[in-house]
Amino acid sequence: MTSKQRAYLKSMAMTMDSILQIGKAAVTPEMTKTVDEALEARELIKLHVLKNCVADARDIAGLLSERTHSEVVQVIGKKIVLYRESKTKPENKRIVLPVQKRGRTED
């Protein structure tokens, strides 16, 4: 993912509300499945790590990204933004990223 694509996704995520909360159980198989389903339906999701969670938000983001084959767009404080293009359901494809051509990105 290019920096321009990441900036585009960050700008989209600014207006979004967190759809999932991660508590003291951190990342369970059920949480991973829920995140995977949310990514398939929405492509871009925001999560909130609660104060009672002992794990670091960056560690959680890396683990979820690895397990769901998604990209970590950003981690700010206790907020995590993940992106994965919807591939199994074309009707869920909503986000069109800026494309890269000849070493430059275009809008």
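Details of the structure are given in the entry above.
The structure presented is a predicted model; accordingly, all values stated were derived computationally and were not measured.

Colleague: Can you help me understand the environment of Ser3 in this one?
Modeller: Here Ser3 shows up in helix H1 (residues 3-13). In this structure Ser3 comes out as exposed when scored by relative accessible area, which is 63%. The sequence separation of Ser3 and Val73 amounts to 70 residues, and the corresponding C-alpha distance is 9.9 Å.

Colleague: Would you mind showing me how to read the environment of Ser18 here?
Modeller: Along the chain, Ser18 turns up in the loop between H1 and strand S1 (20-22). What makes Ser18 partly exposed here is its relative accessible area of 28%. With 61 residues separating them along the chain, Ser18 and Lys79 place their C-alpha atoms 7.9 Å apart. Non-local contacts of Ser18, meaning those with residues more than four positions away in its chain, are made with Lys46, Leu47, His48 and Lys79. Only 3.2 Å separates the side chain of Ser18 from the side chain of Lys79, close enough to count as a polar contact.

Colleague: How should the sheet that holds S1 be read in this particular structure?
Modeller: Paired through their backbone hydrogen bonds, the strands of a sheet run either parallel or antiparallel. Ordered by their spatial adjacency, 4 strands build an open sheet running S1-S2-S4-S3, and the pairing between neighbours is mixed. The sheet terminates laterally at S1 and strand S3 (71-76), the two strands that pair on one side only. Taken pair by pair, the neighbouring strands of this sheet meet at an average axis angle of 25°, ignoring direction. Against the sheet, H1 engages strand S2 (44-49), S3 and strand S4 (79-83), with an angle of about 55° to S3. Strands S1, S2, S3 and S4 of the sheet are contacted by helix H3 (residues 57-68), whose axis makes an angle of about 165° with S3.

Basis of the calculations
- Residues numbered from 1 in each chain as written.
- Predicted model: local features only at pLDDT ≥ 70, side-chain atom pairs only at ≥ 80, totals over all residues.
- Heavy atoms only, no water.
- Helix = DSSP H or I, 4+ residues; strand = E, 2+ residues; numbered from the N terminus.
- Buried < 20%, exposed > 50% of the residue type's maximum accessible area, 1.4 Å probe, protein only.
- Contact = heavy atoms within 4.5 Å.
- Polar contact = N/O pair within 3.5 Å; in protein donor to acceptor, adjacent residues only side chain to side chain.
- Pairing = 2+ DSSP bridges.
- Axes fitted to C-alpha atoms, helices over the stretch in contact; angles between N-to-C directions.

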